[in-house]
Amino acid sequence: MKILEFKQLSFQDSGKVFFIRIDPEDLTQTLNDVLKSLMNLSWISKFDEEYEKSAFESRAKKTIEDIKYKFFQM
């Protein structure tokens, strides 16, 4: 994945907003990377049981395929 553009749009007390434009090159890998980042930062990482994480990841992979399909339909 190549970063084509990166800039800060605003800064407020509640946080920062950034604009990032990328060339994903391999869309499946890029979407998988996004998923892993979200999983590391979200409530899913708090699950104790491995089967819960696996179930979420399995469903997310189907979502990734759907997103990929929709990107190529545009």
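In the block above lies the structure referred to throughout.
Section: the overall build of the chain
Link 1 in the chain: Summing up its helical and strand segments, the chain has two helices and two strands in all.
Link 2 in the chain: Tracing the chain from N to C terminus, the helices and strands come up as β-β-α-α.
Link 3 in the chain: Residue pairs in contact within the chain that sit at least 24 positions apart in sequence constitute 25% of those at least 6 positions apart.
Link 4 in the chain: In the form shown here, the chain has an accessible surface area of approximately 6300 Å², with 55% of it arising from carbon and sulfur atoms.

Quick word on the nonpolar core
Note on soluble globular proteins: their nonpolar side chains tend to be buried together.
Link 1 in the chain: One finds Leu 27, Leu 31, Leu 35, Ala 60 and Ile 64 forming the largest nonpolar core, which totals five residues.
Link 2 in the chain: Considering each element in turn, this core owes the most residues, three residues, to helix 1 (residues 27-41).
Link 3 in the chain: Among all residues touching Leu 27, those that are not within four sequence positions of it are Lys 68, Phe 71 and Phe 72.

Examining the pattern of salt bridges
Between side chains of opposite charge, a pair can form when the charged atoms approach closely.
Link 1 in the chain: One pass over the full model with this rule turns up four salt bridges.
Link 2 in the chain: Here Lys 2 makes a salt bridge to Glu 25, at a shortest N to O gap of 3.8 Å. Placement of Lys 2 in strand 1 (residues 2-12) and of Glu 25 in the loop between strand 2 (15-23) and helix 1 is noted, with a sequence separation of 23 residues between them.
Link 3 in the chain: Of the residues examined, Lys 2 reaches a relative accessible area of 43% and is grouped as partly exposed.
Link 4 in the chain: Using a relative accessible area of 53% as the deciding quantity, one classes Glu 25 as exposed.
Link 5 in the chain: For Lys 7, the salt bridge is made with Glu 5, and the minimal N-O distance between the two is 3.5 Å.

Details of the pairing of strand 2
Link 1 in the chain: Two strands pair when backbone bridges link them, and strand 1 and strand 2 are joined in this way by nine bridges, in the antiparallel orientation. Residue pairing for strand 2: Glu 5 is matched across the bridge by Arg 21.
Link 2 in the chain: Remark: two residues form the turn of the hairpin made by strand 1 and strand 2, two consecutive strands paired antiparallel.

Description of the environment of Val 34
Link 1 in the chain: Positionally, Val 34 belongs in helix 1.
Link 2 in the chain: Sequence spacing of Val 34 and Ile 64 is 30 residues, and the spatial spacing of their C-alpha atoms is 9.7 Å.

So, the side chain of Thr 30
Link 1 in the chain: Take Thr 30: it is sitting in helix 1.
Link 2 in the chain: Non-local contacts of Thr 30, meaning those with residues more than four positions away in its chain, are made with Met 1, Ile 22 and Pro 24.

Details of a nonpolar patch on the surface
Link 1 in the chain: Taken together, the side chains of Met 1, Ile 3, Phe 6, Phe 18, Ile 20 and Ile 22 present a nonpolar region at the surface, about 610 Å² in accessible area.
Link 2 in the chain: No other element matches the three residues that strand 2 contributes to the nonpolar patch.
Link 3 in the chain: With respect to the helices and strands, Ile 3 occurs in strand 1.
Link 4 in the chain: On the basis of relative accessible area, Ile 3 is assigned to the exposed category, the value being 59%.

Reading the values: rules and limits
- Counting of residues starts from 1 at the beginning of each chain's written sequence and follows it residue by residue.
- Per-residue local features of the predicted model are confined to residues with pLDDT of at least 70, and side-chain atom pairs are confined, for both listing and counting, to 80 or more; whole-chain, interface and lining totals are unaffected and use all residues.
- Excluded from the side-chain calculations are hydrogens and water; all other atoms, namely the structure's heavy atoms, are used.
- Counting from the N terminus, the helices are the DSSP runs of H or I reaching at least four residues and the strands are the DSSP runs of E reaching at least two.
- The contact criterion used throughout is that any non-hydrogen atoms of two residues lie within 4.5 Å.
- Only the protein chains shown count as cover for residues, and the accessible areas themselves come from Shrake-Rupley with a 1.4 Å probe.
- Residues belong to a common nonpolar core when they are buried Ala, Val, Leu, Ile, Met, Phe, Trp, Tyr or Cys residues joined through side-chain atoms within 4.5 Å.
- Note on classification: 1.4 Å probe, protein chains only; a residue is buried when its accessible area is under 20% of the maximum for its type, exposed when over 50%, partly exposed between these limits.
- Each salt bridge in this description consists of a side-chain nitrogen of Lys or Arg and a carboxyl oxygen of Asp or Glu lying within 4 Å of one another.
- One bridge is not enough; two strands pair if DSSP finds at least two bridges between them.
- Two joining distances apply to patches: 9 Å for like charges and 5 Å for nonpolar side chains (Val, Leu, Ile, Met, Phe, Trp, Tyr), and every residue must have over 30% relative accessible area and no salt bridge.

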